[in-house]
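Per-entry structural report
Residue-level listing of the chains:
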Amino acid sequence: MGRDPPVVTLSPAPAGTDAPDGPAPKESVAGRLLRAVPVPLALIVMISLAGVVVGRVYAGPLLTRLLVGAALGSVLVSVAARRLPSWLVAPVSVAALAGWMMLSLKLAAGHAALPGGLGEVAVDAARNAIPRLLTAMIPVEPAPDTVLVPLVATWLAGLTAAEVALRTGRVLLGYLPPVLLYAGALYVVGPNADPAIGPTVLFAAVAAAGLAVPSGRADRPASADPAAGLAPAVRAAVRLRLLAAGAAGVAVVVVLAALLAPVVAGQVHDRPVDPRRYVEPPQVESLDENPLIRISGWALNPDQQLLDVRTEAGGAPEGGTRIRLAVLSDYDGVTWRVGATYRNAGRILPAPEPAPGAATDTVRQQITVADLTGRLLPAVPTPREVTGARVAYDPATGTLIRPEGLAPGLRYTVTSVREHPDVNLLATANVPAGDAVARVLRVADGAPEQLRRLASQLAEENGAPYARATAIQEFLAEHYRVTADAPSGHAYPNLAFFLFGPRNGGGQRGTSEQFAASFAVLGRLAGLPTRVVVGFEPKGDGPVRAADAYAWPEVLFDGLGWVPFDPMPRPDEEPRPVEEDFRPPPDDPPPSEVPAPTSEPTATPPAAAAPAPAVRRGLGTPALVGGGTGGLVLLVGLVLLTLAALRRNLTRTRLQRGDPGQRIAGAWRELADALRLSGHPAGEDLAAAEVAAQARRTLAEARAARAGTAVPTVGPDGNAAAGWDRPAADLPGGEVDELAGLLNQVAFAPGTATPDQADRAAALAARYVAALRAARPRWRRLLWAVHPGPLRWGR
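1. Overview of the overall build of the protein
When helices and strands are counted, the protein shows 27 helices and 17 strands. Counting only residues that meet the buried cut, the protein has 40% of its 795 residues in that class. Restricting the contact set of the protein to residue pairs at least 6 apart, pairs at least 24 apart contribute 77%. When the accessible surface of the protein is summed, it comes to about 41400 Å², and 61% of that surface belongs to carbon and sulfur atoms.

Next up, the structure:
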């Protein structure tokens, strides 16, 4: 049966209704498309732009393509299911998400050449996706664990946006998920890419276009005038209220723009926050932090098989090649340490630019682990591609670790590019200087005077940097003997005994550990940037045994990079006595080395007696000098009192005023200022846990320096004593960690801190500051309270 035709009346519709005056005109196909297509298209483009933004820190276009596919799929599934009940759309979309996710993980696993089945890869990605994404090296290689989170977030944003914008007709509210997704992409990228100006402008333009096109429910005809059909008086009132509401909305937008524009403009040139600073990257084990001490143990077990190496055709030249295990750049007078920052990496590693004019060759090796333990992964320098093992990489040193640790039978293939510097340029090459290389130029306090004198003697006789390095190499090779049973150790006392100890008492002999460490220390004392490398030097393919373990020094030259040196003695050469070329100072210092007595007569009574005749001449000059001195002392005293009062007021403001979160942040700033006052400022890119570790170390070093002991202590065998890195009983190490935990709570859970926690944070900060100040020298303790630095440092 047909439907009755609509009845047309001449009287106005009742007030409050929106019934049309006649039947709605039939809409054309073009009109329906114009109304139905723009909003889904705008959502797809906006969500895809978030993928474009985050894809800038990934290697290759794979991630961007996968996220664009997720944006298309999530929105189109909602469009296709618009006739279904709303409760049924989510399960259908999640099922489609599962299919797209498995396909994407398969593509990513194939791209990264990961072993294992799809199920195993998917489970591993789901378990480790977030930490690996935030600790991955830039550029991030698309792998299952680095694409899973962006993929799921993109799909869920598309599903939510489509349901809100298309099913309910609230387009502006439906824009919220894409906006949040885009903001999250910007935050994850942080400072690791250029500003996303183009995508951001396009994002805003697409959003505006989606709002400008008329949209609505297809089964609900829209009226051109919301007040149509009302009585004239009611229609006028409704239109007036609509006009007032629109004017109020425009006024609110203008006011917000006026208030927020200066704030937003002020942030344009600020460096974005990197979320990776809050996540701890993969770490090496304590055994791997200083693999140099393993040299002597391997020397005593020369037949132990550590690796098996097979070089593929076209790889290493005849005679084998050095395989690098670790690079040690930090030396504190006791221990050489790796000190590297490893980031999860994919199959392809960043390729540093070779030095100009350097010859290169490619080495491709298949390495099988036997008895080698730890996490450090051996490879010929510098690795460019690794397959068969998940690795983390430090671009600064070009070294690898396997976060899960090495295991017997682990087999991986590594392709490396070796550099061979132009030897003709070494003689005239210079060495870099400045903050960029301060780490490899640093000489720890407490260097023995004999080491300094030997380095000065070798440097004075050879002016050019390469000549100095060659002189140190030849001195060590000509005067010392290699023995496998030499005790381990490379602290200052161990090196002094190795270099100057009596030959008949065990001195002047050692393993490559002492040769490499001595070269590096003497080089730094002579002004050369040096480091120590631990690795293996097999004779060719086949088993790599403990006897092949080897340490060698390297020197950094401008334009040539790191150049290895070999200070080991030549075979079948008898070393010359050290005394023939270097004689330590005799027990009675010569007159040229007695500067102390010459300074004492300047403070003896004859120097103080010089003003005596002036006293007899009159009191005018002394009175004038005394008055001026007294006024100066008074002025200085007033300045110091003012500074002390301002510092005390600053501390009170930080610890006692504001809400609990502000007080906890103020306590943390007190700790940071204390570190800066002690000469060990915390880097801005360090996480709270890393700053806490630095605070513990700073306090331990200050206490040891005040007590006149070394940090860390040296055991009877010359090694670092066990437990040196744990805080003493009275050292508030755990309390510093507790304060870092309270700061993280404030940062990641705002508003959850309690007044008791704020009081606790204030007490912890005060205790640490007091302990660090007490460990400083007396004159530094006096200046601590009046130092103006905290008043002008950023708060």
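2. Comments concerning unusual backbone geometry
That bond from Ile-138 to Pro-139 is cis: its omega, 0°, falls within 30 degrees of zero. Looking at the secondary structure, you find Pro-139 in the loop between helix H5 (118-135) and helix H6 (144-167). In the segment running from Pro-381 into Thr-382, the intervening peptide bond is cis, with an omega of 0°. Mapped onto the elements, Thr-382 comes out in the loop between strand S7 (376-377) and strand S8 (383-387). Despite not being glycine, Gln-508 has its phi angle at roughly 60°, a positive value. Here Gln-508 falls in the buried class, since its relative accessible area comes to 3%.

3. Some remarks on helix H17 (residues 512-525)
Relative to the 20 Å expected for 14 residues at 1.5 Å per residue, H17 spans 20 Å between its end C-alpha atoms, a close match to the ideal helical length. Burial analysis of H17 places 13 of its 14 residues in the buried class, the great majority of the element. One or two residues past the end of H17 sits Gly-527, with phi positive at roughly 90°.

4. A few points about the pairing of strand S9 (residues 391-394)
Side chains on a regular strand alternate between the two faces of the sheet. The alternating pattern of S9 places Val-391 and Tyr-393 on one face and Ala-392 and Asp-394 on the opposite face, and all of these are buried. Relative to S9, strand S5 (residues 343-345) runs antiparallel, the two being bridged by three bridges. What sits directly across from Arg-343, in S9, is Tyr-393. Pairing of S9 with strand S10 (residues 399-401) involves three bridges; the strand directions are antiparallel.

5. Examining the pattern of salt bridges
Tallying each qualifying case throughout the model produces 25 salt bridges. The closest approach of N and O atoms between Arg-322 and Glu-537, which form a salt bridge, is 3.4 Å. Of this pair, Arg-322 sits in the loop between strand S1 (305-311) and strand S2 (323-328) while Glu-537 sits in the loop between strand S14 (530-536) and strand S15 (542-545), placing them 215 residues apart in sequence. In this structure, Glu-574 engages Arg-481 in a salt bridge whose closest nitrogen and oxygen atoms are separated by 2.7 Å. Taken together, the residues span a long stretch of sequence, with Glu-574 in the loop between strand S17 (561-564) and helix H18 (595-599) and Arg-481 in strand S12 (residues 481-482) at a distance of 93 residues. Beyond isolated ion pairs, a larger network of salt bridges with shared partners links Asp-124, Arg-132, Asp-145, Arg-390 and Glu-404.

6. Digging into the sheet that holds S14
Sheet architecture is open: four strands sit in the order S2-S14-S16-S17, paired in antiparallel fashion. Edge positions in the sheet fall to S2 and S17, since each has one partner strand and no second. Put simply, the sheet's adjacent strands are angled 35° from each other on average, direction ignored. Across seven bridges, S14 lies against strand S16 (residues 549-557) in antiparallel orientation. Bridge assignment links Phe-536 to a residue of S16, and that residue is Ala-549.

7. Things to note about the sheet that holds S10
Spatially, the four strands line up as an open sheet ordered S5-S9-S10-S7, and their pairing is antiparallel. Here the strands that pair on one side only, and so sit at the sheet edges, are S5 and S7.

8. Remarks on the confidence of the model for the protein
Residues of the protein with pLDDT of at least 70 account for 81%, and the chain-wide mean is 81. Every residue in residues 1-22 scores below 50 in pLDDT, and together they form 10 contacts with partners more than four places removed in sequence or on other chains. Note that residues 713-731 has pLDDT below 50 and, in this model, 26 contacts with residues that lie over four places away or in other chains.

9. Quick word on the packing of aromatic side chains
The final tally for this structure, using the stated rule, is 12 aromatic pairs. Between Trp-298 and Phe-536 the ring centres are 5.7 Å apart and the planes differ by 45°, which places this aromatic pair in the tilted class. You can see Trp-298 sitting in helix H12 (residues 294-300) and its partner Phe-536 sitting in strand S14, a full 238 residues away along the chain. No difference in accessibility class separates Trp-298 from Phe-536, as the two residues are buried. Ring geometry for Phe-498 and Phe-515: centres 5.2 Å apart, planes at 70°, overall edge-to-face.

Thresholds, definitions, all that
Numbering of residues begins from 1 in every chain and follows the order in which that chain's sequence is written. For a predicted model such as this one, the threshold for reporting local features is a pLDDT of at least 70, and the threshold for listing and counting side-chain atom pairs is 80 or more; totals across whole chains, interfaces and linings nevertheless cover every residue. Side-chain metrics rest on all non-hydrogen atoms present in the structure, leaving aside hydrogens and water. Numbering of helices and strands starts at the N terminus; helices are DSSP runs of H or I of at least 4 residues and strands are runs of E of at least 2. Only protein chains enter the accessibility calculation, which uses a 1.4 Å probe; a residue is then buried when its area is under 20% of its type maximum, exposed when over 50%, and partly exposed in between. Residue contacts are defined here by distance: any two heavy atoms, one from each residue, within 4.5 Å place the two residues in contact. Computed by Shrake-Rupley with a 1.4 Å probe, the accessible areas treat only the displayed protein chains as cover when residues are assessed. Multiplying 1.5 Å by the helix residue count minus one yields the expected span of that helix. Whether two strands pair depends on DSSP finding at least two bridges between them. For this document, the term salt bridge refers to a Lys or Arg side-chain nitrogen within 4 Å of an Asp or Glu carboxyl oxygen. A fitted line through C-alpha atoms represents every axis, and for helices the fit uses only the stretch in contact; the resulting angles, taken between N-to-C directions, go from 0 to 180 degrees. A residue's pLDDT is the predictor's confidence in that residue, given on a scale from 0 to 100. The criterion for an aromatic pair is that two Phe, Tyr or Trp rings (for Trp, the six-membered ring) have centres within 6.5 Å, with stacked assigned to planes under 30 degrees apart, edge-to-face to planes over 60 apart and tilted to the rest.

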